[in-house]
Amino acid sequence: MTPPGLHMCRHCDRLILDPDDAVVVAYVHANSGPGWVVWAHSAHAHLVQPDPYPLALLARIRALCAENSAT
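Residues numbered from 1 in each chain as written. Predicted model: local features only at pLDDT ≥ 70, side-chain atom pairs only at ≥ 80, totals over all residues. Heavy atoms only, no water.

A.B. asks: Explain the overall build of the protein chain residue by residue, including any values.
C.D. replies: Along the backbone of the protein chain there are 1 helix and 4 strands. Reading the protein chain from its N terminus to its C terminus gives the helix and strand order β-β-β-β-α. The C-alpha radius of gyration computed for the protein chain amounts to 17 Å, which surpasses the reference 11 Å derived for 71 residues by more than 25%, pointing to a less compact arrangement than a globule. Across the 71 residues that make up the protein chain, the buried fraction comes to 10%. Carbon together with sulfur atoms contributes 60% to the accessible area of the protein chain, which is approximately 5,800 Å² in total. Each charge class in the protein chain was averaged separately, 4 positive and 6 negative side chains, and the resulting centres sit 12 Å apart. (Helix = DSSP H or I, 4+ residues; strand = E, 2+ residues; numbered from the N terminus. Rg over C-alpha atoms; globule rule 2.2 N^0.38 Å. Buried < 20%, exposed > 50% of the residue type's maximum accessible area, 1.4 Å probe, protein only. Areas by Shrake-Rupley, 256 points an atom, 1.4 Å probe, with all protein chains shown as cover. Lys, Arg positive; Asp, Glu negative; His and termini not counted. Charge placed at Lys NZ, Arg CZ, Asp CG, Glu CD.)

Have a look at this one:
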């Protein structure tokens, strides 16, 4: 667990020790309760990629829908 006031960088998985260097790059929603904020170092913010699993799931759903509508 990260101590209060410190954040983990999504890109390099290291602690962001300088609060002025922390940048919010995303917000992850949760199914129950509040979600959480995703942080990165300011130098890494542009390098953070979206989570591939929801994108792959969406692509599969769209492919199945297209397959069902073609038949």
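From this point on, the discussion continues.
A.B. asks: Tell me about the environment of Asn68, and name the residues and values.
C.D. replies: Within the fold, Asn68 resides in helix H1 (residues 52–70). When the C-alpha atoms of Asn68 and Leu15 are compared, they prove to be 47 Å apart, with 53 residues separating the residues in sequence.

A.B. asks: Describe the nonpolar core, and please don't skip the residues or the numbers.
C.D. replies: Nonpolar side chains in soluble globular proteins tend to be buried together. Counting residues in each nonpolar core, the largest one holds 5 residues, listed as Cys9, Ile16, Ala22, Ala40 and Val48. Here Val48 is in contact with Arg10, His11, Val25 and Ala40, once residues within four sequence places are set aside. (Core = buried A, V, L, I, M, F, W, Y, C linked by side-chain atoms within 4.5 Å. Contact = heavy atoms within 4.5 Å.)

A.B. asks: Could you give an account of the environment of Ser42, with specific residues and numbers?
C.D. replies: Among the secondary structure elements, Ser42 is positioned in the loop between strand E4 (36–41) and H1. The sequence separation of Ser42 and Cys9 amounts to 33 residues, and the corresponding C-alpha distance is 9.4 Å.

A.B. asks: So, a nonpolar patch on the surface: which residues are in play, and what are the values?
C.D. replies: Nonpolar side chains collect at one region of the surface, where Met8, Leu15 and Leu17 lie side by side and expose about 280 Å² of accessible area between them. Looking at where Met8 falls in the secondary structure, it is placed in strand E1 (residues 7–8). Take Met8: its relative accessible area is 35%, and that puts it in the partly exposed class. (Patch = residues over 30% accessible without salt bridge, like charges linked within 9 Å, V, L, I, M, F, W, Y side chains within 5 Å. Salt bridge = Lys/Arg side-chain N within 4 Å of Asp/Glu carboxyl O.)

A.B. asks: Mind laying out the side chain of His41, listing which residues take part and the relevant values?
C.D. replies: With respect to the helices, strands and loops of the structure, His41 is situated in strand E4. Since its relative accessible area comes to 14%, His41 is described here as buried.

A.B. asks: Quick one: what's the story with the confidence of the model for the protein chain, residue by residue and with numbers?
C.D. replies: Low-confidence regions, as indicated by low pLDDT, have predicted coordinates that should not be scrutinised in detail. Summing up the model confidence of the protein chain, the mean pLDDT is 88 and the portion of residues at 70 or higher is 94%. The least confident element of the protein chain is H1, whose mean pLDDT is 87; the most confident is strand E2 (residues 15–16), at 95. (pLDDT = per-residue confidence, 0-100.)

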